[in-house]
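Commentary on secondary and tertiary structure
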Amino acid sequence: MNILFIMYDQLRFDYLSCAGHPHLHTPNFDRVAAQGMRFTNAYVQSPICGASRMSFYTGRYTSSHGAQWNGFPLRVGEHTMGDHLRKAGMDCWLIGKTHMAADADGMARLGLERDSLIGARQAECGFDSWVRDDGLWGYGPDGFYDSKRSPYNEYLRAQGYEGDNPWADFANSGVEDDGDMASGWMIKNADKPANIAEEHSETPWLTTKTIEFIDQATAPWCAHVSYIKPHWPYIVPAPYHDMYGANHVPAPLRHDAELDDPHPVLKSYQNSKIATLFSREDARQKAIPAYMGLIKQCDDQLGRLLEHLENTGQMDSTMIVLTSDHGDYLGDHWLGEKDFFHEASVKIPMIVMGPRVTADGTRGTTCDALVESIDLTATFIEAAGGTVPDHIVEGRSLMPWLRGENPDWRDYVISEYDYSAREQCVQLGLEPRDARLFMIFDGRFKMIHAEGGFRPILFDLETDPDEFHDLAKGNSHQAEIDRLYSHLGQWGRRLSQRVTKSEQDIKDMRGKSGRKGILPVMYDGSEVPAELTQKYRGPAPAKNKGTA
């Protein structure tokens, strides 16, 4: 079996027609959901690109793998999905974005060269790279945001799009009436078509690269196809730029109560530039139709991939997984972007279609179990025929759910956020070590703990599904807060760093030293079986000549 692991960047869980969106029709997402299982309560381990992806790729919480924000390197030696799958006999390839930084210091310390096989995998989250392009090719007075090479920019130049950065100048810009560039970095331009032929834009380009990979690949393989869209800049080529309008923009999910004595960390995010921008209705009216157009283009390109798998006879031997690294507030809760723990940000779409007959009984169903993004690594290991090393991988395989079983499952999900690199850390007067947030959600109550001496935040999603009312402002829910802190403490005491010895390894090594002559302190040797002291009994050896 092969695995097609597709991730979309910043795709909200509720912006698919199979998830109930009233205007956005996504027939290809819906097709996969109809042939597989849609997990309706899936959560990322951090609501920021880099940290979230490192949890997907390792199967571990962010405080376990340590790469807790964009640009924080994944340390050399961290076990990854690719390491586990190759051990099970499956290749693991990257096509698109990872948003990871290599641990250059660690590689230098161990003498690993990036152009070696091991070094290249260490620098690519454990993947073999078919094509990597992280997709944010911003450039300013100090140069490019990303110093790595851009295969997509090279492709655009080959298509005749001239310039230092055609990604910014064409693929993510429109044209003003007077001929000036209308950059997609500015939301006022989001309703303009990107200045590029649709077939040359990012999403079709990566789809073509995926098809090229599939056509040459030898099974079994896992291909991580990682699209940059519908992540901003919010601009999309024709015909997708004007498919949606003001009548398709939902009212923002927000309430004045959220501005009444908010938690200090939440308030600092409400006062950010991006939050202030998305509190403006004119900005939402520009951005959201473009966001929907980007998703519609993603759905159409998914259709290309599904059709290719069908035409090449590989649909029946390929597991397909559709998900996202986090959501997008789009003005909900007086916020923009991601970075916090409301459902719009931390909850993600997750659709898994398994090709085996054991999944036939669950096709077209939903599962409301509490699922974490780290569960996919465990799922893929089991699907590849391997055994999940649960002393390393902290996620749980979803395969039992796909088989229609009802496994013993987790009681809560965890998400973490290190905002030490954000301006909010400075505004709140925190040291970087204290700029950390933890979310625990048990399916009803969601609590957010903030380091630095702050009170918690508490939402009851049964009585307040929109998460408007912070119940931790008073003392009427202290019992729930105490209970969730107890769970958070239990999670914090998990065994996460003993990754070189499994439980079975430890059981198997017990008592072995005694048979190799390493014995407990004894009085006369009668305390242990005689065979263990055999080498230490008998006539004393004669001294060699010359020995004093």
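Residues numbered from 1 in each chain as written. Predicted model: local features only at pLDDT ≥ 70, side-chain atom pairs only at ≥ 80, totals over all residues. Heavy atoms only, no water.

In this section: the overall build of the protein chain. Of regular secondary structure, the protein chain possesses 19 helices and 19 strands. Radius of gyration (C-alpha) of the protein chain: 26 Å, near the 24 Å computed for a compact globule of 548 residues. Counting the 548 residues in the protein chain, one finds 56% classified as buried. Put simply, of all contacts in the protein chain between residues at least 6 apart along the chain, 70% involve residues at least 24 apart. Looking at the protein chain as shown, the accessible area adds up to about 23,600 Å², and 51% of this sits on carbon and sulfur atoms. (Helix = DSSP H or I, 4+ residues; strand = E, 2+ residues; numbered from the N terminus. Rg over C-alpha atoms; globule rule 2.2 N^0.38 Å. Buried < 20%, exposed > 50% of the residue type's maximum accessible area, 1.4 Å probe, protein only. Contact = heavy atoms within 4.5 Å. Areas by Shrake-Rupley, 256 points an atom, 1.4 Å probe, with all protein chains shown as cover.)

What follows is about helix α2 (residues 49–58). Counting buried positions along α2 gives ten out of ten residues, so the element sits mostly inside the fold. For α2, the complete set of buried residues consists of C49, G50, A51, S52, R53, M54, S55, F56, Y57 and T58. Within two residues after α2, G59 carries a phi angle of roughly 75°, on the positive side.

Within strand β17 (residues 436–441), five of the six residues are buried, which leaves it mostly tucked inside the rest of the structure. Bridging between β17 and strand β18 (residues 445–450) involves five bridges; their strand directions are antiparallel. Considered in β18, the bridge of L437 is made with A450. Counted between consecutive antiparallel strands, the loop separating β17 from β18 contains three residues, among which G443 sits at a positive phi close to 100°. (Pairing = 2+ DSSP bridges.)

Along any regular strand, the residues point their side chains to alternate faces of the sheet. With six bridges connecting them, strand β4 (residues 91–96) and strand β10 (residues 221–227) associate as parallel partners. Residue pairing in the sheet places I95 in a bridge with V225 of β10.

Turning next to the sheet that holds β17. The strand order β16-β17-β18-β19 describes an open sheet built from four strands, whose pairing is antiparallel. Where the open sheet ends on each side, the last strands, each with one partner, are β16 (413–418) and β19 (457–460). The sheet shows a mean angle of 15° between the axes of neighbouring strands, taken without regard to direction. Of the strands in this sheet, β16, β17, β18 and β19 touch helix α17 (residues 478–492), which is tilted by about 65° from β18. (Axes fitted to C-alpha atoms, helices over the stretch in contact; angles between N-to-C directions.)

Pairing between the strands of a sheet comes from backbone hydrogen bonds, and it takes one of two forms, parallel or antiparallel. Ordered in space as β12-β3-β15, the three strands form an open sheet in which the pairing is mixed. Because the sheet does not close on itself, it has two edges, and the strands there are β12 (347–348) and β15 (371–372). Pairing of strand β3 (residues 42–43) with β15 involves two bridges; the strand directions are parallel. Paired with Y43 across the two strands is E372, which belongs to β15.

Mapped onto the fold, D442 is located in the loop between β17 and β18. A distance of 2.9 Å separates a polar atom in the side chain of D442 from the backbone nitrogen of R444. Sequence-distant contacts of D442, defined by excluding residues within four places in its chain, comprise L370, D411, Y412, R483 and L484. (Polar contact = N/O pair within 3.5 Å; in protein donor to acceptor, adjacent residues only side chain to side chain.)

Let's shift gears to the packing of helix α1 (residues 27–35) against helix α12 (residues 281–311). Following both chains from N to C, one finds α1 and α12 inclined at 50°, their axes separated by 7 Å at the closest point. When the axis of α1 is compared with that of α12, the two are oblique. On α12, the residues that touch P27, N28, F29, R31 and V32 of α1 are K296, D299, D300, L302, G303, L306 and E310. The class makeup of the residues in the contact of α1 with α12 is five nonpolar, two polar and five charged. (Parallel < 35°, antiparallel > 145°, perpendicular 65-115°, else oblique. Nonpolar A, V, L, I, M, F, W, Y, C, P; charged D, E, K, R; others polar.)

The way to describe two aromatic rings as a pair is by their centre distance and the angle between their planes. In this structure the tally under the stated criterion is 27 aromatic pairs. Ring geometry for Y417 and Y419: centres 6.4 Å apart, planes at 25°, overall stacked. A relative accessible area of 1% places Y417 in the buried class. Given a relative accessible area of 0%, Y419 falls into the buried group. Against the face of W334 rests R254, its NZ or CZ located 4.5 Å from the ring centre. The lysine or arginine in question, R494, covers the ring of W491, its NZ or CZ lying 4.0 Å from the ring centre. (Phe/Tyr/Trp six-rings, centres within 6.5 Å; stacked < 30°, edge-to-face > 60°. Lys NZ or Arg CZ within 6 Å of the ring centre and 35° of its normal.)

Looking now at the side chain of D134. Residue position: D134 is located in the loop between β5 (128–132) and β6 (139–140). In this structure the side chain of D134 is engaged in a polar contact, spanning 3.3 Å, whose partner is the backbone nitrogen of H99. Residues within four places of D134 in sequence aside, it is in contact with G96, K97, T98, H99, M100, D146, K148 and I228.

Relative to the elements of secondary structure, G429 occurs in the loop between α16 (423–427) and β17. Separated by 23 residues in sequence, G429 and G452 have C-alpha atoms that sit 9.5 Å apart.

With that out of the way, let us pick up the nonpolar core. Ranked by size, the top nonpolar core spans 71 residues in total, and within it F5, F39 and Y419 carry the most contacts. Looking at this core element by element, the count peaks at five residues for helix α14 (residues 375–383). Not counting the four nearest positions on each side in its chain, F5 is found in contact with F56, Y57, M81, C222, A223, H224, V225, V321, T323, L376 and F380. (Core = buried A, V, L, I, M, F, W, Y, C linked by side-chain atoms within 4.5 Å.)

Relative to the assigned elements, D30 resides in helix α1. Taking the C-alpha atoms as reference, D30 lies 7.9 Å from L16; in sequence the two are 14 residues apart. Apart from residues no more than four positions distant in its own chain, D30 is found in contact with S17, C18 and H25.

Turning next to the pattern of salt bridges. For the structure shown, the criterion picks out 40 salt bridges. Three or more residues are tied together by salt bridges with common partners; here these are D9, R53, K97 and D325. (Salt bridge = Lys/Arg side-chain N within 4 Å of Asp/Glu carboxyl O.)

Our focus in this paragraph is the environment of A383. Looking at where A383 falls in the secondary structure, it is placed in helix α14. By relative accessible area, A383 is classed as buried at 4%. Spatially, the C-alpha atoms of A383 and A88 are 9.7 Å apart, while their sequence positions differ by 295 residues. Once residues lying within four places of it in the same chain are set aside, the contact partners of A383 are M1, I3, M319, R356 and M399.

Moving on, we get to the packing of helix α9 (residues 202–216) against α12. Put simply, α9 and α12 touch, their axes get as near as 10 Å, and they point 15° apart. Considering their axes alone, α9 and α12 lie roughly parallel with respect to each other. Both α9 and α12 take part in a crossing whose hand is right-handed. Residue-level contacts link T203, P204, T207, T208, T210, I211, I214 and D215 of α9 to Q297, C298, Q301, R304, L305, H308 and L309 of α12. When its residues are assigned to classes, the contact of α9 with α12 shows six nonpolar, seven polar and two charged. (Left-handed = near helix turned anticlockwise from the far one by under 90°.)

Turning to the state of the cysteines, a few remarks are in order. Overall, the coordinates contain zero disulfides when judged by the stated rule. Left unpaired, C49 is separated from the closest cysteine sulfur, that of C125, by 13 Å. The thiol sulfur of C125 is not disulfide-bonded, and the nearest other cysteine sulfur, from C92, lies at 10 Å. (Disulfide = S-S within 2.5 Å.)

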